[in-house]
Every structure is written in structure tokens, then in C-alpha cells.
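# What the coordinates show
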Amino acid sequence: MVRDTLTADRIVRAAIELLDDEGLDGLNMRSLARRLGSAATAVYWHIKTKDELVRLASDAAWQEVELPDLDATDWRTAATAQAAAMHAMLTRHPWLGQAFGSHLMHGPGQARFDDLSLAVYEKAGFAADDADRAAATVFIFVLGSALGPAAEVSLKRRLGKNGADAEQLMADAMTRAAEDAEPYPRLRARLGTASAEQYAAAPDDSFAFGLGAILDGFEARLSAQRAAGAARNG
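Here goes a summary of the coordinates provided.

Reading the values: the criteria
Residues numbered from 1 in each chain as written. Predicted model: local features only at pLDDT ≥ 70, side-chain atom pairs only at ≥ 80, totals over all residues. Heavy atoms only, no water. Helix = DSSP H or I, 4+ residues; strand = E, 2+ residues; numbered from the N terminus. Buried < 20%, exposed > 50% of the residue type's maximum accessible area, 1.4 Å probe, protein only. Contact = heavy atoms within 4.5 Å. Phe/Tyr/Trp six-rings, centres within 6.5 Å; stacked < 30°, edge-to-face > 60°. Salt bridge = Lys/Arg side-chain N within 4 Å of Asp/Glu carboxyl O.

Helices and strands together make up the secondary structure of the chain, namely 12 helices and 0 strands. Ordered by position from the N terminus, the helices and strands of the chain form the series α-α-α-α-α-α-α-α-α-α-α-α. In the chain, which comprises 234 residues, the share counted as buried stands at 35%. Intrachain contacts of the chain at a sequence separation of at least 6 include 70% that bridge at least 24 residues.

Now the structure itself:
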């Protein structure tokens with residue numbers, strides 16, 4: 001009878017909430033069942049394994065990514081919007097970046113995202129193979145950029161276990177890191193400056209800078225290819 005009150009969609013949504021709160025290490029069927037007000041055996045009727053649950057939760061997260069309308073905008077605007085939406089999603093769900101290294105993940109949500117990525121770089125002018133490479137380059141950059149916020153969430157969670165003051169422990173570590181940096185002139189020059197504080201507080205600035213540099217490189221490469229093609233045809 002308990003089984004009839006559950007659906008796979010409800011279980012996946014509860015799993016995402018649990019993963020957001022507790023991370024991959026905190027996900028187990030008993031904890032999930034408690035959150036659902038159910039029994040662990042009832043969850044297993046719908047989703048058989050924890051790995052399958054993580055896969056379904058990750059694909060539901062990919063479905064959250066709002067994709068740009070490629071017919072209504074230029075390729076670079078679309079590429080920027082898509083990358084920013086992916087970065088925002090990974091920041092909302094910090095466990096997902098970690099899951100890439102420990103779970104096999106696929107599904108219609110990610111396939112939808114990947115297909116648009118290829119369309120974006122084909123519209124830019126890349127041949128099929130280079131469109132694959134361009135999409136992979138941006139994907140890896142966005143994933144890597146999102147690992148910083150994800151790692152901070154995980155670190156705070158681990159440091160705060162058993163009632164410890166995670167913020168104080170991190171502040172103490174930063175003080176020791178500043179002491180380690182003192183002998184090095186470029187690091188020393190940045191200690192305590194507004195730019196250093198801004199970098200620590202606003203990693204999205206670094207993300208926008210890096211993404212812009214990558215897209216600049218793509219545009220330069222495409223321009224060079226067009227010029228070479230014109231020279232051959234001329």
C-alpha cells in the first residue's frame with residue numbers, strides 16, 4: 001500500500017533535495033525513504049539501485065537548463081547563454097560535478113543539452129568534427145569552473161560535522177595560507193587587496209573571463225579558416 005503513494009518522479013525530486021543538502025555521501029535509501037515518509041523497500045519498487053537513482057537525479061538536473069533559441073540569436077550569444085545556464089545548474093547542484101567521476105550518467109536531459117551544443121558550433125561555422133571539439137572544450141571548462149563552488153560546499157559540510165565551526169576552520173586555514181604566500185612577491189602583493197577579496201567572493205568573474213577567451217579563440221580560428229579558404233579559392 002505504501003508503494004502506491006510513491007512515483008519515480010517524486011522519488012527523484014526528493015533525491016535531488018537530499019543530494020543538495022547532504023551530497024553524494026549522504027544519499028542512501030533509508031535517508032531518502034525518511035524524507036518521503038515511506039519505507040526503503042517501497043523506494044526499491046520504483047528505482048532498483050542507488051546508481052540508477054543518481055543517474056535519474058542528474059538527468060532531471062540537466063532538464064533544468066534553459067536552452068537558448070538558436071534560430072533567434074547568433075551563435076556566440078547562444079554559446080554564452082548555454083554555458084552560463086550549465087554553470088548555474090552545476091552550482092545549484094554541487095554533487096553533480098562530483099558524480100561525473102563516480103557514476104555512469106546519461107539520459108534525455110543531457111542528450112538535449114549536448115545536441116544543442118553541437119548545433120551552436122556548427123552554426124558558428126565549424127565542420128562536424130571541430131564542432132565536437134568546440135562543444136567538448138566549453139563543456140570541460142564549465143564543469144571545471146563549477147567544481148570550485150561545489151568543492152566549497154562539500155568542504156564546509158565535512159568540516160562542520162560533529163558540531164565543528166566550519167567557517168572558523170576555513171578562516172584559520174586562509175590565515176595559514178596567507179602566511180605561506182608571504183615569501184612569494186606576486187602573491188604577497190595581492191594579499192588583503194580588494195582584487196583578491198573580489199576573486200574569492202565572485203568566481204563568476206573568472207568564469208566569464210575564461211569563457212570569453214575561449215569563444216574569442218574560436219572566432220579567431222574560424223576567421224583564419226575562412227581567410228585560408230578564400231586564398232585557396234582566389
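Now that the structure has been shown, the text picks up again.
Our next topic: the packing of aromatic side chains. Within the structure shown, the criterion is met by 8 aromatic pairs. Judged by centre distance (5.6 Å) and plane angle (80°), the ring pair of Tyr121 and Phe218 falls under edge-to-face. With a gap of 97 residues between them, Tyr121 in helix 7 (residues 108-124) and Phe218 in helix 12 (residues 203-233) connect regions that are remote in the sequence. An identical accessibility class is assigned to Tyr121 and Phe218; each is buried.

This part covers the pattern of salt bridges. Applying the stated criterion across every chain yields a total of 7 salt bridges. Between Arg35 and Glu17 there is a salt bridge; the shortest N-O distance is 4.0 Å. Separated by 18 residues along the polypeptide, Arg35 in helix 2 (residues 29-36) and Glu17 in helix 1 (residues 8-22) bring together distant segments of the chain. When its relative accessible area of 36% is taken as the criterion, Arg35 is described as partly exposed. Judged by its relative accessible area of 45%, Glu17 is partly exposed. Measuring nitrogen to oxygen at the nearest pair gives 2.9 Å for the salt bridge that ties Arg92 to Glu64. Taken as a pair, Arg92 in helix 5 (residues 75-92) and Glu64 in the loop between helix 4 (50-63) and helix 5 lie far apart in primary sequence, 28 residues in all. Linked by salt bridges that have partners in common, Glu17, Asp21 and Arg35 make up one network.

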